[in-house]
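Architecture and fold: a report
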Amino acid sequence: MAPSSAGPAAPDGTAVDWDALRRAATDAMRHAYAPYSSFPVGAAAITEDGRLVSGCNVENASYGVTLCAECSLVSQLHMTGGGRLVAFTCVDGTGATLMPCGRCRQLLFEHSAPGMVLETVSGFRTIDEVLPDAFGPRTLVEYASTGSGSGSGPSSGSVDRA
């Protein structure tokens, strides 16, 4: 994506065209299936290798199985080669910036590069700022590297059913 003065660079210093990212999120939002809430949402992100991925919310009559836009974005991420997200934005039906819910912040953290930048309702923030002290893959790698993760627990194949 071409550089933009509308926001910060990706964690590796690569310029991010935040206007194009918002347009992609808005385009994704137009595909949302939101017959129950009438609240369409679109999300878009850039990967470490420069790909653009996007998603929209898909509601369900059984509300608990509704998919947030971030869920479909992560599905597209993996369907198009995987990798880590470096820049993210999310918009509502009017194109206004939305903050991902707590569940989606965790989902984004799981698939983010360290220092991923998000456009939020209060400005640009890193993933660590919107989900401080998060638990995720990097935590597990760090835990395993200390030797603390050996000998018991799910990683060794044993499961405590007490």
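Residues numbered from 1 in each chain as written. Predicted model: local features only at pLDDT ≥ 70, side-chain atom pairs only at ≥ 80, totals over all residues. Heavy atoms only, no water.

1. Focus: the packing of aromatic side chains
Our working rule: Note on aromatic contacts: the rings of Phe and Tyr and the six-membered ring of Trp form a pair at centre separations within 6.5 Å, being stacked when their planes are under 30 degrees apart, edge-to-face when over 60 apart, and tilted otherwise. Note on conventions: DSSP H or I runs of at least 4 residues are helices, E runs of at least 2 residues are strands, and numbering of each starts at the N terminus. When the NZ atom of lysine or the CZ atom of arginine is within 6 Å of a ring's centre and also within 35 degrees of its normal, the charge is said to sit over that ring.
Across all of its chains, the model carries 2 aromatic pairs by this definition. With a centroid separation of 5.9 Å and an interplanar angle of 65°, the aromatic rings of Y36 and Y63 are classed as edge-to-face. A residue pair is termed long-range when its members are at least 10 positions apart, and Y36 in the loop between α1 (18–29) and β1 (42–47) and Y63 in the loop between β2 (52–56) and α2 (69–79) qualify at 27 residues. Geometry around F109 places R138 over its ring, the cationic atom sitting 4.6 Å from the centre.

2. Quick word on the pattern of salt bridges
This is how the line gets drawn: The term salt bridge refers to a pairing of a side-chain nitrogen on Lys or Arg with a carboxyl oxygen on Asp or Glu at a separation within 4 Å.
Under the definition given, this model contains 4 salt bridges. R22 is the partner of E119 in a salt bridge, and the nearest nitrogen-oxygen pair spans 2.6 Å. Linking E119 in strand β4 (residues 112–120) with R22 in helix α1, this pair joins segments that are 97 residues apart in sequence. Among the ionic pairs, R30 bridges to D27, the shortest N-O distance being 2.9 Å. In this structure, a network of salt bridges that share partners links the residues D19, R22 and E119.

3. Focus: the confidence of the model for the protein
How we decide: Confidence of the predictor in every single residue is expressed as pLDDT, which spans 0 to 100. For this analysis, residues touch if any pair of their heavy atoms sits within 4.5 Å.
Chain-level statistics for the protein give a pLDDT mean of 89 and a share of 88% at 70 or above. Low pLDDT (under 50) marks residues 1–5, which in the prediction has 15 contacts with non-local residues, meaning those over four places away or in another chain. In the model, residues 151–162 has pLDDT below 50 throughout and makes 4 contacts with residues more than four positions away in sequence or in other chains.

4. A closer look at α2
How we decide: A 1.4 Å probe rolled over the protein chains alone gives each residue an accessible area, and that area as a share of the maximum for its type sets the label: buried under 20%, exposed over 50%, partly exposed in between.
Of the positions making up α2, those classed as buried are A69, E70, C71, L73, V74 and L77. Buried-residue contacts for α2 involve β1, β2, β3 (85–91) and α3 (102–110). Backbone geometry just downstream of α2 places G81 in the positive-phi region, at approximately 125°.

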